[in-house]
Amino acid sequence: VTAREKKAGSAVDAPECDTSDPLQELLYCTDGTIRLGSSSLCLVAGKEIRDAGQWEARDLTFEECDDWPDPLKTWAYLSLFSTERVFGGDEECGSGGPAPTPTRP
């Protein structure tokens, strides 16, 4: 995953991995956010929900972490062969934000 630019509102792409690309340097923080390098930008899910066939979808962008609600900027995953969610990585980054209000266009 990569940011198109190192600025708020940047779209997300999924190119081939390039360990020398600073726009692909992602940190999984103890607060559950995924940060773009050591910046204040977080990978976030959009506030608007749209139909996506039989499912629903949100856009993914990089935004200023302090400006985004926690439920839309925190991430967890399931470990292999587990049903337990893993929340938070090893990097100390910080978090905080208002609760989201999902909207439909």
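As shown above, the structure is provided for reference.
Chemist: What's the story with the overall build of the protein in this structure? I'm lost.
Modeler: Scanning the protein from N- to C-terminus turns up 0 helices and 10 strands. Taken from N to C terminus, the helices and strands of the protein fall in the order β-β-β-β-β-β-β-β-β-β. Of the contacts formed within the protein by residues at least 6 apart in sequence, a portion of 52% connects residues at least 24 apart. Accessible area of the protein: about 6,900 Å², with a carbon and sulfur share of 51%.

Chemist: Explanation requested: unusual backbone geometry in the structure shown.
Modeler: The phi torsion of most residues other than glycine is negative, and most of the peptide bonds are trans. Although it is not a glycine, F81 sits at a positive phi angle of roughly 65 degrees. The residue F81 is located in the loop between strand 9 (76-78) and strand 10 (85-87) in this model.

Chemist: Please explain the pairing of strand 8 (residues 60-64) as it appears in this structure.
Modeler: Relative to strand 8, strand 2 (residues 10-13) runs antiparallel, the two being bridged by 2 bridges. Note on strand 8: the bridge partner recorded for S10 is F62. Looking at chain direction, strand 5 (residues 41-45) and strand 8 are connected through 5 bridges and run antiparallel. Looking at strand 8, one finds that C42 is bridged to E63.

Chemist: How should the pattern of salt bridges be read in this particular structure?
Modeler: Side chains that differ in sign of charge can pair as their charged atoms come close. The full count for this structure, using the stated rule, is 5 salt bridges. Put simply, D13 and R4 hold a salt bridge, and the shortest N to O gap is 3.0 Å. The partner of K73 in a salt bridge is D70, and the shortest N-O contact between them spans 3.5 Å. Overall, K73 belongs to the buried group, its relative accessible area being 0%.

Chemist: Got a minute to help me understand the packing of aromatic side chains in this structure?
Modeler: We describe a pair of aromatic rings using the distance from one ring centre to the other and the angle between the two ring planes. One pass over the structure, following the stated rule, counts 1 aromatic pair. K47 extends its terminal NZ or CZ atom over the ring of W68, reaching a point 4.6 Å from the ring centre.

Chemist: I tried to follow the environment of D70 on my own but got confused; where do I start?
Modeler: With respect to the helices and strands, the residue D70 is situated in the loop between strand 8 and strand 9. It is 9.3 Å that separates the C-alpha atoms of D70 and D31, two residues lying 39 residues apart in sequence.

Quick notes on the rules
Residues numbered from 1 in each chain as written. Predicted model: local features only at pLDDT ≥ 70, side-chain atom pairs only at ≥ 80, totals over all residues. Heavy atoms only, no water. Helix = DSSP H or I, 4+ residues; strand = E, 2+ residues; numbered from the N terminus. Contact = heavy atoms within 4.5 Å. Areas by Shrake-Rupley, 256 points an atom, 1.4 Å probe, with all protein chains shown as cover. Pairing = 2+ DSSP bridges. Salt bridge = Lys/Arg side-chain N within 4 Å of Asp/Glu carboxyl O. Buried < 20%, exposed > 50% of the residue type's maximum accessible area, 1.4 Å probe, protein only. Phe/Tyr/Trp six-rings, centres within 6.5 Å; stacked < 30°, edge-to-face > 60°. Lys NZ or Arg CZ within 6 Å of the ring centre and 35° of its normal.

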